[in-house]
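If you want the building blocks of each chain, they are given just below.
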Amino acid sequence: MKTILFDGELKLVDSGLEGDYPVLAVGICGTDISMIKGSYKPRKFPLVLGHEFSLEVDGKIKTSEINIVDWTCYYCRKGMYTHCSNRKAIGIDLDGAMRERISLPSYLLHNGTGSPITSAVVEPMAAVLRMVELLRVSPEEEALVLGDGPLGIMSALVLSRLGLHVELKGRNKERLRVAMDMGLQVTNSPSSYDIVIEATGGNAVEEALSHVKPMGKIGLKSTHGMDVKLNQTKVAVEEITLIGSRCGPFYLWDKAASLAKELHVEDMIRVYPLPRFRDAFRDVMERKVVKAVLDMERK
Ligand SMILES: [Zn+2]
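Residues numbered from 1 in each chain as written. Predicted model: local features only at pLDDT ≥ 70, side-chain atom pairs only at ≥ 80, totals over all residues.

Quick notes on the UniProt feature "domain: Alcohol dehydrogenase-like N-terminal" (unreviewed entry) in the chain
Under the UniProt annotation, the feature "domain: Alcohol dehydrogenase-like N-terminal" (unreviewed entry) is placed at residues 23–109. Summarising residues 23–109: 14% helix, 29% strand, and an end-to-end C-alpha distance of 13 Å. (UniProt positions renumbered as here; feature names shortened; annotations may be inferred. Helix = DSSP H or I, 4+ residues; strand = E, 2+ residues; numbered from the N terminus.)

Here we look at the sheet that holds strand E12 (residues 165–169)
With parallel pairing, the six strands of this open sheet are ordered in space as E13-E12-E11-E14-E15-E16. The open sheet has two free edges, formed respectively by strand E13 (185–186) and strand E16 (241–244), since each of these has just one partner strand. Bridge analysis of strand E14 (residues 193–198) against strand E15 (residues 212–220) gives five bridges, and the strand direction is parallel. Opposite Val196, over in E15, you have Ile218 as the bridge partner. (Pairing = 2+ DSSP bridges.)

As for the domain arrangement of the chain
Split by domain assignment, the chain resolves into domain 1 (2–124 + 248–295) and domain 2 (127–244). Between the C-alpha centres of domain 1 and domain 2 there is a distance of 24 Å. At the junction of the two partners, domain 1 supplies 24 residues and domain 2 supplies 23 residues. Going through the elements one at a time, helix H1 (30–37), helix H4 (122–135) and helix H9 (253–262) are the ones with two or more residues in the side of domain 1 that touches domain 2. Class assignment of the residues belonging to the side of domain 1 that touches domain 2 gives a composition of eleven nonpolar, six polar and seven charged. (Domains from an automatic or database assignment. Contact = placed C-beta atoms within 7 Å. Nonpolar A, V, L, I, M, F, W, Y, C, P; charged D, E, K, R; others polar.)

With respect to the nonpolar core
The nonpolar side chains of soluble globular proteins are, as a tendency, buried together. Counting 86 residues, the largest nonpolar core has Val26, Met125, Ala256 and Leu294 as its most contacted members. The element contributing the most residues to this core is H4, with nine residues. Both domains that furnish three or more residues to this core are identified here as domain 1 (2–124 + 248–295) and domain 2 (127–244). Sequence-distant contacts of Met125, that is, excluding residues within four places in its chain, are made with Met154, Ala256, Leu259 and Ala260. (Core = buried A, V, L, I, M, F, W, Y, C linked by C-beta atoms within 7 Å. Buried ≥ 20, exposed ≤ 12 C-beta atoms within 10 Å, placed from the backbone.)

Re helix H6 (residues 173–181)
Of the positions making up H6, those classed as buried are Arg175, Val178 and Ala179. Buried residues in H6, looked at end-on, bunch into an arc of 100 degrees, giving them a common side. Opposite the buried face of H6, by more than 90 degrees, sit the exposed residues Lys173, Met180 and Asp181. In this fold, the buried residues of H6 make contact with helix H5 (150–161), E12 and E13. Immediately beyond the C-terminal end of H6, within one or two residues, lies Gly183, with a positive phi of roughly 95 degrees. (Arc of directions from axis to C-beta.)

Printed below as a string of structure tokens:
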């Protein structure tokens, strides 16, 4: 079947892979870009990328969690299965979804938004909801989101929906235009906030720290694989909370799908037919789009 293989370069190949379900659409994530650039090491190589996707199961559009787990280890038994000791992530440890068909355990599958394209961003939306859950936000708080990529924009949309005053800071004019068109308030000169989300995909922890109030919280969402500098003294004396978060667990997926629909995430998506995958990756790397989604059915 047609497969986008990463073996140091991205190639469209006819792989010998098989699968039970047709893949409908696949999003390109910052983690994919970090793996291509080499800062985030894939644990299988060569690798089929793709961990944000929609697929068709029994005539229905579904989305999928990304962690294949053992259900028996300490973490799984405590209900923390996204931290399973034997966790294998689709598109990172195992071949991902950038191919025509895929087989998956049924426990990973959830209902989509009704659209194959927006269903491909339910996974990152669930990850945003996981972060918001861990941050324990309340509507009277003020938040700054650093980053004009999909996680930044979706974080800002969700926090606004929850009633917080939210400002978003980014660098890219085209992406900021999309954010503003989606109703978000953009700032160039942030002040200080109860909550700062670091979703730049780069090294912006110090910047986040410079804008958080004493006793404030920083949500760390970038997974670029680089080491970063941190003023630990400021964290200590100002009693700052740093909160990391990863994928959304199963109980957040239905909410993620309905929010993806309500918040019109299609407004931040550009769709590329599969044969134009190189354009899609290039546009993401050059930050010309907020979110690129490959339509696997359009030839
Ligand atoms: Zn486990």
